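# Reading the structure
Each chain, letter by letter, is given below.
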Amino acid sequence: RLGFNENLHALRGEGLRSMPPGARTVLSAGCAGSWYFRWIAENYPGIERHIGLEAYSPKPDDLPQGVEWIANTVSDMQAVADASIDLLFSGQNIEHLVEQEIAGFLCEARRVVAPGGWLVLDSPNRAMTQRLGWFQPEHIIELTVDEIRELVELAGFDVVSITGLWQCYDPVRHRLLPLDP
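Within each chain, residues carry numbers counting from 1 in the order of the written sequence. This being a predicted model, a pLDDT of at least 70 is required before a residue's local features are given, and a value of 80 or more before pairs of side-chain atoms are given or counted; all residues contribute to the totals for chains, interfaces and linings. To get the side-chain values, take all heavy atoms of the structure and skip hydrogens and water.

With that settled, consider helix α2 (residues 34–43). Every buried residue of α2 is listed here: Ser34, Tyr36, Phe37, Trp39, Ile40 and Asn43. Among the structural elements, α1 (4–17), β1 (25–29), β2 (49–53), β3 (67–70) and β4 (85–91) are those in contact with the buried residues of α2. When accessible area is computed with a 1.4 Å probe and restricted to protein chains, residues below 20% of their type maximum are described as buried, those above 50% as exposed, and intermediate ones as partly exposed. Secondary structure follows DSSP: runs of H or I at least 4 residues long count as helices, runs of E at least 2 residues long count as strands, and numbering of each begins at the N terminus. Contacts are assigned to residue pairs that have any heavy atoms within 4.5 Å of one another.

What follows is the structure, given as C-alpha cells:
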C-alpha cells in the first residue's frame, strides 16, 4: 500500500504518460535531483534533449545523459531559445512561487514553448485543500482551477485539458473524500 507522497507521485506519472508522444525537447521547470530526470524518462520516453531549470537545489553530480542543467529561476529562462521546447513540465512547482515569479514563469513559458508544444502544470487545487484542511507550509500560494486557467490563458496559452489527479470529492454523494490513499 502506497503512502500519500508515493501515491501522489504515481498519479503524476500516470498524468505524464497520458501526454501525446513525440516531444523531443523537454524542459523541466523546478526539478529536484537526478532521480527526477529518470522518473520523467520512465514516464515519457523518447526525449532527446532534457533541460532542467532549477534555482534552489544544487546541480546533481550524476545527471543522466542528455540532460542539461540551468541554475536559474523559472521566471528567467534567458538561456533557453525562443520556441525551442516541445513539452514544458512544471510539476508541483507553481505553488512555491510568489506572484511576480508566477507571472514571469508563464510569460517565459509562452516564449520558449514551440508552436504545437505543451505546457503541463500540476499543483494542489486550493478549492480542495482548504476544504480538506490540508496545509503545506512550503507553499506560498495555491491556486484554484479557475485561477490557474485564467493565468495560463492570459499568458497566451490555449487550455486543452484540466484533469484532477486525486479524487477528493464524491459528486454522487456530494461529500469530501479522505486523503487516505
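Next, the rest of the story.
Next up on the list: the sheet that holds β2. Spatially, five strands are ordered β3-β2-β1-β4-β5 in an open sheet, and the strand pairing comes out parallel. Edge positions in the sheet fall to β3 and β5 (113–122), since each of these pairs with one other strand and no more. When the angles between neighbouring strand axes are averaged without regard to direction, this sheet yields 20 degrees. A pair of strands is considered paired only if DSSP assigns at least 2 bridges between the two. Structural elements are reduced to axes, namely lines fitted to C-alpha atoms, with helices fitted over the stretch in contact, and the angle between N-to-C directions of any two is expressed from 0 to 180 degrees.

All right, on to the environment of proline 171 then. In this structure, proline 171 sits in the loop between β6 (169–170) and β7 (175–176). Assessed through its relative accessible area of 51%, proline 171 is described here as exposed.

For Phe, Tyr and Trp, where Trp contributes only its six-membered ring, two rings pair if their centres lie within 6.5 Å, and the inter-plane angle classes them as stacked under 30 degrees, edge-to-face over 60, or tilted in between. Counted under the stated rule, the structure contains five aromatic pairs. With a centroid separation of 5.6 Å and an interplanar angle of 80 degrees, the aromatic rings of tryptophan 35 and tyrosine 36 are classed as edge-to-face. Arranged with centres 6.0 Å apart and planes meeting at 50 degrees, the rings of tryptophan 39 and phenylalanine 89 form a pair that is tilted. In this pair, tryptophan 39 is assigned in helix α2 and phenylalanine 89 in strand β4, connecting sequence segments 50 residues apart. The same class applies to tryptophan 39 as to phenylalanine 89, namely buried. One aromatic cluster is present, formed by Trp35, Tyr36, Phe37, Trp39, Trp69 and Phe89 through successive ring pairs. Our definition puts a charge over a ring when NZ of Lys or CZ of Arg is within 6 Å of the ring centre and also within 35 degrees of the ring normal. Across from the ring centre of phenylalanine 157, 5.4 Å away, lies the NZ or CZ of arginine 110, which sits over that ring.

Throughout this description, the term salt bridge denotes a Lys or Arg side-chain nitrogen within 4 Å of a carboxyl oxygen of Asp or Glu. The tally for this structure, following the rule as stated, stands at eight salt bridges. The closest approach of N and O atoms between arginine 24 and glutamate 48, which form a salt bridge, is 3.6 Å. Taken together, the positions of arginine 24 in the loop between α1 and β1 and glutamate 48 in the loop between α2 and β2 put the pair 24 residues apart, joining distant regions of the chain. Linking arginine 173 and aspartate 170 is a salt bridge whose minimum nitrogen-to-oxygen distance equals 3.5 Å.

The subject of this paragraph is unusual backbone geometry. Positive phi outside glycine occurs at alanine 83, with the angle close to 50 degrees. Assignment of secondary structure puts alanine 83 in the loop between β3 and β4. A positive phi angle, close to 50 degrees, is found at histidine 174, a residue other than glycine. Of note, histidine 174 is situated in the loop between β6 and β7.

Take the pairing of β4 next. The buried count for β4 comes to six of seven residues, which makes it a mostly enclosed element. Pairing analysis gives six bridges linking β4 to β5, with the strands arranged parallel. Each residue of the ladder has a partner; that of isoleucine 85, found in β5, is valine 113. Following the chain from β4 across helix α3 (residues 99–112) to the adjacent parallel β5, one finds a crossover that is right-handed. A crossover gets the label right-handed when its path from the first strand over the helix to the second runs clockwise, viewed with the strands pointing away from the viewer.

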